[in-house]
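For reference, the chains in residue letters:
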Amino acid sequence: MTSPGSSSLPIVAHWIDGKPADGAAGRLGDVYDPATGEVTRRVAFAGKRDVDQAVAAALAAFAAWRRSSLSRRSKILFAFREIVADRAAELAAIVTSEHGKVLSDALGEVSRALEVMEFACGIPHLLKGGYSEEVSTQVDVYSIRQPLGVVGIISPFNFPAMVPGWFFPIAIAAGNTVVLKPSEKDPSASVWFAERWAEAGLPEGVFNVVHGDKEAVDRLLEHPDVKAISFVGSTPIARYVYETGTRSGKRVQALGGAKNHMVVLPDADLDLAADAAVNAGFGSAGERCMAISALVAVEPVANDLVAKITERMAKITTGDGRREVDMGPLVTSAHRDKVALYLDAGVEAGADLVVDGRSVVPDGAASGFWLGPSLFDNVTPDMSIYTDEIFGPVLSVVRVPSYEAALELVNANPYGNGTAIFTNDGGAARRFQQEVEVGMVGINVPIPVPVSYYSFGGWKSSLFGDSHAHGSEGVHFYTRGKVVTSRWLDPSHGGINLGFPRTF
Ligand code: NAD
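Here the structure is a predicted model, which is why all the values come from computation and not from measurement.

> Teacher, can you tell me more about the side chain of Lys 101 here?
Following the sequence through the fold, Lys 101 ends up in the loop between helix H3 (88-99) and helix H4 (103-121). Here Asn 158 takes part through its backbone oxygen, which lies 2.9 Å from a polar atom of the side chain of Lys 101. Not counting residues up to four positions away in its chain, the partners in contact with Lys 101 are Val 95, Thr 96, Ala 106, Glu 109, Asn 158, Phe 159, Ser 284 and Gly 321.

Written out as structure tokens, the structure reads:
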């Protein structure tokens, strides 16, 4: 996966045309182990030449790959899925070493990536078109879906295995070739995938990886041979990627940030709701786009709920994700410091800091990027701890008087990724599912991440473009439709006719 650099640290190289490529740009970034705070690897940052080389390899591979039979493609996908499943623990360990999340959580994200691989194994079925016989005399019409060409995938740090895995199995299964630009913070999982693809027999050039920052992203966005971009990251960058990519004629799906609300109605099972709020608020140190960050307590439940959550938070252990702990460190020291500043901001704005994560005693090296779970109560919608996506282990309780006020709060939020309602009232749940303006809704389920055969994606500032990830929308995104009208001539139907074709 890595080669030795000039310092003693290994370098995470690009992967171009079936092999590692050190890169022409010469720029390198640091990759940390967040649980020790040490730089463990360096990663090559791609410049224009590296990206162009990867796109050229992908374009050259496209001609043959799109013509490879569906049975060959699905055999390779099956083989890839088997290899990844057999070695899932190895991939999870890589994720934990660069992201920091606990091993069980890393394994969870690998299992969600595997689900998409399994879905993509069904590509022969997924690409089936329609056929209408005899739409006119001896005329048949049928629809087919064809691959786009080279597609770019740009992914965030928080799911280095799952998020790329939402896209590349389907893109490749559909006959496209891929250039993946993973997050520079945890780049090794992508190269691990590239090595496994090679073992599974994927032809060289079909799956390429370039590392780096804005320079690599911008080149992918402007490159004329890149036909589509799947992006996942923060909302300002998602908006930029969508606008820039579509301006240069590309098909773009850009999934952005989130502020996910969990509404608890007075009739809910408060123990269940408190468990869910803790799991969804602090799992992966809150660095999940589907994390619950705003708990909307419909009175009179707030006091009881805050007490139950506080009780549970006292039991959360924070430490090195390779140990038996519940929550790992944050991804970088800069991010840890940024999240910690929100704790000051919340107090200054008048919220009650019920649990302060800065006092945590971690089970890990002193130099790790630690911040324990924090809980705010009496948060109001004007406070920055409510308006901003903090992306850390901070849960804010907003008290509201009624279901209507809860709904209004959720719908007024500019984000619309995920939301959940906790209630024992089926009618209220059904009303919420119908009225809420959010892309993914949980009913007594706090993190409603759809399974791979449904599509993942938010509304409003949580997604730019009109296609969600994986499921049928993923297949649709990576293919274009064509409709064929065919007639095998009977000589009696010849002759000139300048009229518009009619079916009667
Ligand atoms: P980020 O926006 O900083 O980075 C995402 C990608 O964009 C990375 O590959 C990065 O290298 C690149 N990038 C960074 N700055 C850039 C710039 N100026 N120009 C072009 N490219 C740039 O996001 P992150 O911090 O890696 O990930 C966390 C964010 O991702 C959160 O906002 C989270 O909500 C979001 N996210 C959303 C989803 C979703 O499905 N909606 C899923 C996971 C994460």
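Having seen it, we continue.
> Honestly, a positive patch on the surface in this entry has me stumped. Any pointers?
Taken together, Lys 227, Arg 251, Arg 480 and Lys 482 make up a surface patch of like positive charges. Considering the arrangement of structural elements, one finds Arg 251 in strand S13 (residues 251-255).

> Help me out: how do you make sense of the packing of helix H2 (residues 70-86) against helix H6 (residues 162-173) in this one?
In a pair of packed helices, the angle between the axes and the distance between the axes together describe the arrangement. Here H2 crosses H6 at 155 degrees, and the two axes come no closer than 10 Å. As judged from the angle between their axes, H2 and H6 are roughly antiparallel. Contacts between H2 and H6 involve Arg 73, Leu 77 and Phe 80 from the first element and Phe 168, Pro 169, Ile 172 and Ala 173 from the second. Class assignment for the residues of the contact of H2 with H6 results in 6 nonpolar, no polar and 1 charged.

> Help me out: how do you make sense of the layout of surface pockets in this one?
Picture a little ball the size of a water molecule; that probe, rolled over the atoms, points out where space is still empty. Put simply, the largest pocket is a space of about 820 Å³. Along its surface, the largest pocket is lined by 36 residues, and Pro 156, Lys 185, Gly 233, Ser 234 and Ile 237 are the ones closest to its centre. When contributions to the lining of the largest pocket are tallied by element, the ones reaching two or more residues are helix H8 (214-222), strand S12 (226-232), helix H9 (235-247) and helix H12 (333-349). The biggest single contributor to the lining of the largest pocket is H9, with 4 residues.

> Would you mind going over the pattern of salt bridges with me for this structure?
Once the charged atoms of two side chains with opposite charge are near each other, the side chains can pair. Per the stated rule, a full pass over the model turns up 31 salt bridges. In this structure, Arg 27 engages Glu 215 in a salt bridge whose closest nitrogen and oxygen atoms are separated by 2.9 Å. Of this pair, Arg 27 sits in strand S5 (residues 27-33) while Glu 215 sits in helix H8, placing them 188 residues apart in sequence. Judged by its relative accessible area of 31%, Arg 27 falls in the partly exposed class. Among the ionic pairs, Arg 431 bridges to Glu 435, the shortest N-O distance being 3.2 Å. Here the residue Arg 431 and the residue Glu 435 both occupy positions in helix H15 (residues 426-435), the gap between them amounting to 4 residues, near one helical turn. On the basis of relative accessibility, which here comes to 28%, the residue Glu 435 falls in the partly exposed class.

> Mind showing me how you'd approach the site of the ligand here?
Around the ligand sit 27 residues, and of these Lys 181, Glu 184, Ser 234, Gly 256 and Glu 389 come closest. One nitrogen or oxygen atom from the main chain of Gly 256 is found 2.7 Å from a nitrogen atom belonging to the ligand. Within the side chain of Glu 389, a nitrogen or oxygen atom sits 2.5 Å from an oxygen atom of the ligand. With the chains in place, 88% of the 840 Å² that the ligand exposes on its own is no longer accessible. With respect to the detected pockets, the ligand is housed in the largest pocket. Looking at the shell around the ligand, the elements with two or more residues in it are H8 and S12. Here the shell around the ligand is composed, by residue class, of 14 nonpolar, 9 polar and 4 charged.

> Looking at this structure, how should I read the nonpolar core?
Generally speaking, a soluble globular protein has its nonpolar side chains buried in company with each other. Among the nonpolar cores identified, the biggest contains 68 residues, and Trp 166, Phe 193 and Phe 207 are the most heavily contacted of them. Looking at which domains feed residues into this core, each of domain 1 (11-256 + 462-483) and domain 2 (260-443) supplies at least three. Each residue touching Phe 193, except ones within four places of it in the same chain, is listed here: Phe 80, Val 84, Leu 91, Met 117, Pro 160, Ala 161, Phe 168 and Phe 207. In terms of nonpolar packing, the next biggest core, distinct from the first, is built from 61 residues, Val 264, Leu 270, Leu 330 and Phe 432 among them.

> Can you help me understand the pairing of strand S15 (residues 292-298) in this one?
Remember that side chains alternate between the two faces of the sheet whenever the strand is regular. Where burial is concerned, most of S15 is hidden: 7 out of the 7 residues are buried. Pairing of strand S14 (residues 260-264) with S15, which is carried by 5 bridges, proceeds in the parallel orientation. Its bridge partner lying in S15, Val 264 is registered against Ala 297. Crossover connection from S14 via helix H10 (residues 270-282) to parallel S15: handedness right-handed. Strand direction decides the pairing type here: S15 and strand S18 (residues 394-400), joined by 5 bridges, are parallel. Note on S18: the bridge partner recorded for Leu 295 is Val 397.

> Help me out: how do you make sense of the sheet that holds S14 in this one?
To summarise the sheet geometry, strands pair through backbone hydrogen bonds and adopt either a parallel or an antiparallel arrangement. Strand order in the open sheet made by the 7 strands is S16-S17-S18-S15-S14-S20-S21, with mixed pairing throughout. Looking at the sheet topology across the chains shown, the edges are occupied by strand S16 (352-355) and strand S21 (440-443). The sheet shows a mean angle of 20 degrees between the axes of neighbouring strands, direction not considered. Relative to the sheet, helix H11 (residues 302-313) contacts S14, S15, S16, strand S17 (374-377) and S18, its axis offset from that of S17 by approximately 170 degrees. Against the sheet, H12 makes contact with S16, S17 and S18, and its axis sits at roughly 25 degrees relative to S17, the strand it touches most.

> Is there a simple way to explain H2 in this structure?
Structural remark: α-helix, 3.6 residues per turn; residues separated by three or four positions point the same way. Taking 1.5 Å of rise per residue, the 17 residues of H2 would be expected to cover 24 Å, and the 24 Å separating its terminal C-alpha atoms lies within 8% of that figure. Of all the residues in H2, the buried ones are Arg 73, Ser 74, Ile 76, Leu 77, Phe 80, Arg 81, Ile 83 and Val 84.

> Is there a simple way to explain the packing of aromatic side chains in this structure?
Given two aromatic rings, their pairing is described by the distance between the two centres and the angle made by the two planes. What the rule picks out here adds up to 16 aromatic pairs. Measuring from ring centre to ring centre gives 6.3 Å for Trp 197 and Phe 207, while their planes differ by 45 degrees; the resulting arrangement is tilted. Of this pair, Trp 197 sits in helix H7 (residues 188-200) while Phe 207 sits in strand S11 (residues 207-209), placing them 10 residues apart in sequence. Of the residues examined, Trp 197 reaches a relative accessible area of 1% and is grouped as buried. For Phe 207, a relative accessible area of 3% translates into the label buried. In this structure an aromatic cluster arises from ring pairing among Phe 80, Phe 168, Trp 192, Phe 193, Trp 197 and Phe 207. For Arg 196, the ring lying beneath its charged end belongs to Trp 192, and the centroid distance is 4.8 Å.

Calculation criteria
- Residues numbered from 1 in each chain as written.
- Predicted model: local features only at pLDDT ≥ 70, side-chain atom pairs only at ≥ 80, totals over all residues.
- Heavy atoms only, no water.
- Helix = DSSP H or I, 4+ residues; strand = E, 2+ residues; numbered from the N terminus.
- Polar contact = N/O pair within 3.5 Å; in protein donor to acceptor, adjacent residues only side chain to side chain.
- Contact = heavy atoms within 4.5 Å.
- Patch = residues over 30% accessible without salt bridge, like charges linked within 9 Å, V, L, I, M, F, W, Y side chains within 5 Å.
- Areas by Shrake-Rupley, 256 points an atom, 1.4 Å probe, with all protein chains shown as cover.
- Salt bridge = Lys/Arg side-chain N within 4 Å of Asp/Glu carboxyl O.
- Lys, Arg positive; Asp, Glu negative; His and termini not counted.
- Charge placed at Lys NZ, Arg CZ, Asp CG, Glu CD.
- Axes fitted to C-alpha atoms, helices over the stretch in contact; angles between N-to-C directions.
- Parallel < 35°, antiparallel > 145°, perpendicular 65-115°, else oblique.
- Nonpolar A, V, L, I, M, F, W, Y, C, P; charged D, E, K, R; others polar.
- 1 Å grid on protein atoms, 1.4 Å probe; cavity = no way out; pocket = protein on both sides within 12 Å on 5 of 7 lines; lining within 4 Å.
- Points joined across faces, edges and corners; volume = space filled by probe spheres on them.
- Buried < 20%, exposed > 50% of the residue type's maximum accessible area, 1.4 Å probe, protein only.
- Near = heavy atom within 4 Å.
- Sits in = over half its atoms within 2 Å of the grid points.
- Core = buried A, V, L, I, M, F, W, Y, C linked by side-chain atoms within 4.5 Å.
- Domains from an automatic or database assignment.
- Pairing = 2+ DSSP bridges.
- Right-handed = clockwise from strand over helix to strand, strands pointing away.
- Expected span 1.5 Å × (residues − 1).
- Phe/Tyr/Trp six-rings, centres within 6.5 Å; stacked < 30°, edge-to-face > 60°.
- Lys NZ or Arg CZ within 6 Å of the ring centre and 35° of its normal.

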